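# Structure assessment
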Amino acid sequence: AGHIRDMLEPIWTTKPELARKVRTRVGQVLNFSHSKGWRSTEAPGRSITVGLSKQPAGKNFKAMPYAAVPAFIRSLRSAAATVGRQALLFQILTAARPGEVRAARWGQIDIEGRDWNRPAETMKGGEAHTVTLNEAAIALLEEVRGGRITKPGELIFAGQRGAMLSNMTMNKVLRSAGQVYDAHGFRSSFRDWAAEKMPDVPDPVAEAALAHAVPDMVVRAYKRTTFVDMRRV
């Protein structure tokens, strides 16, 4: 426990989310080792945090008010096209997570079907998910493709030498535009817009568009639909 605590201490308060993930993964390794007979005990539990400072309370991502999003999109489109601006614009148009956009590949896109079929390994919840693509998202993809032939495994928004963009790329675009909001916050902007401007759309449809899991385990066991047709509207 002391070894793990000393390892976590430098990031426990400065990078709390990362620290919690590291602690969890260390525990998984040690418990796996115990199950194999390589350790005599399971991973230490509560004793790890003895002596560590209290972590700061979590903060929500700063979300741009949905009424301001159209003007911001216009400003993105009026500026010179960069991979960062295009990636952020695609994220806004699909209500996706930034990491899902950075990991998007051409083989996941069905232009004719107007779908973005994302495999389980790219999803936060570990389940495959389909995003319905609107006209603006389709047009943006065609702009990015530029008439060239793309390979299925090729990243749509690639950085230098074809590598994946940094996880700070889209927030950097926002900061350069003088915005204080977070890229991830556009999902909240979308959710607020759906609630206030699309009152005829049931909440589960908007939640499905965001790839949110149904919290109630009983409901989740019986709800098999992903509302693709309703989400497309």
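Above this text you will find the structure in question.
Everything in this summary refers to the structure shown in the same document.

Thresholds, definitions, all that
- Residues numbered from 1 in each chain as written.
- Predicted model: local features only at pLDDT ≥ 70, side-chain atom pairs only at ≥ 80, totals over all residues.
- Heavy atoms only, no water.
- Helix = DSSP H or I, 4+ residues; strand = E, 2+ residues; numbered from the N terminus.
- Axes fitted to C-alpha atoms, helices over the stretch in contact; angles between N-to-C directions.
- Parallel < 35°, antiparallel > 145°, perpendicular 65-115°, else oblique.
- Contact = heavy atoms within 4.5 Å.
- Nonpolar A, V, L, I, M, F, W, Y, C, P; charged D, E, K, R; others polar.
- Phe/Tyr/Trp six-rings, centres within 6.5 Å; stacked < 30°, edge-to-face > 60°.
- Buried < 20%, exposed > 50% of the residue type's maximum accessible area, 1.4 Å probe, protein only.
- Pairing = 2+ DSSP bridges.
- 1 Å grid on protein atoms, 1.4 Å probe; cavity = no way out; pocket = protein on both sides within 12 Å on 5 of 7 lines; lining within 4 Å.
- Points joined across faces, edges and corners; volume = space filled by probe spheres on them.

## A few points about unusual backbone geometry
Positive phi values are uncommon outside glycine, yet arginine 114 reaches one of about 60°. Among the structural elements, arginine 114 can be located in the loop between strand S1 (109-110) and strand S2 (115-118). The backbone of arginine 161 sits at a positive phi, close to 60°, despite the residue not being glycine. Within the secondary structure, arginine 161 sits in the loop between helix H6 (135-145) and helix H7 (169-176).

## Focus on the packing of helix H4 (residues 83-94) against H7
A packed helix pair is summarised by two numbers, namely the angle formed by the two axes and the spacing between the axes. One way to put it is that H4 packs onto H7 with a least axis distance of 9 Å and a crossing angle of 100°. Relative to H7, the element H4 lies roughly perpendicular. For the pair H4 and H7, the contacting residues are Gly84, Arg85, Ala87, Leu88 and Gln91 in the first and Thr169, Met170, Val173 and Leu174 in the second. By residue class, the composition of the contact of H4 with H7 is five nonpolar, three polar and one charged.

## A closer look at the packing of aromatic side chains
Evaluated as defined, the whole model comprises five aromatic pairs. When the centroid spacing of 5.5 Å and the interplanar angle of 45° are considered together, the rings of phenylalanine 90 and phenylalanine 157 count as tilted. Taken as a pair, phenylalanine 90 in helix H4 and phenylalanine 157 in the loop between H6 and H7 lie far apart in primary sequence, 67 residues in all. For phenylalanine 90, a relative accessible area of 0% translates into the label buried. Their ring planes at 40° and their centres at 5.9 Å tell us that phenylalanine 190 and tryptophan 193 sit as a pair that is tilted. On the criterion of helical spacing, the pair formed by phenylalanine 190 and tryptophan 193 is a turn pair, its members being three residues apart in helix H8 (residues 186-197). The class for tryptophan 193 is partly exposed, based on a relative accessible area of 36%.

## Regarding the sheet that holds S1
Spatially, three strands are ordered S1-S2-S3 in an open sheet, and the strand pairing comes out antiparallel. Looking at strand neighbours, the two that pair on one side only are S1 and strand S3 (129-132), the edges of this open sheet. Bridge count between S2 and S3: four bridges; the pairing is antiparallel. Bridging from a neighbouring strand, tryptophan 116 pairs with valine 131 of S3.

## Remarks on the layout of surface pockets
What the second largest pocket holds in volume is close to 730 Å³. Contributing elements (two or more residues each) for the lining of the second largest pocket: helix H3 (69-78), H4, S3, H8, helix H9 (203-209) and helix H11 (228-232). When residues of the lining of the second largest pocket are assigned to their parent elements, the largest contribution, five residues, is made by H8. Of the residues that constitute the lining of the second largest pocket, the class distribution is 20 nonpolar, four polar and three charged.

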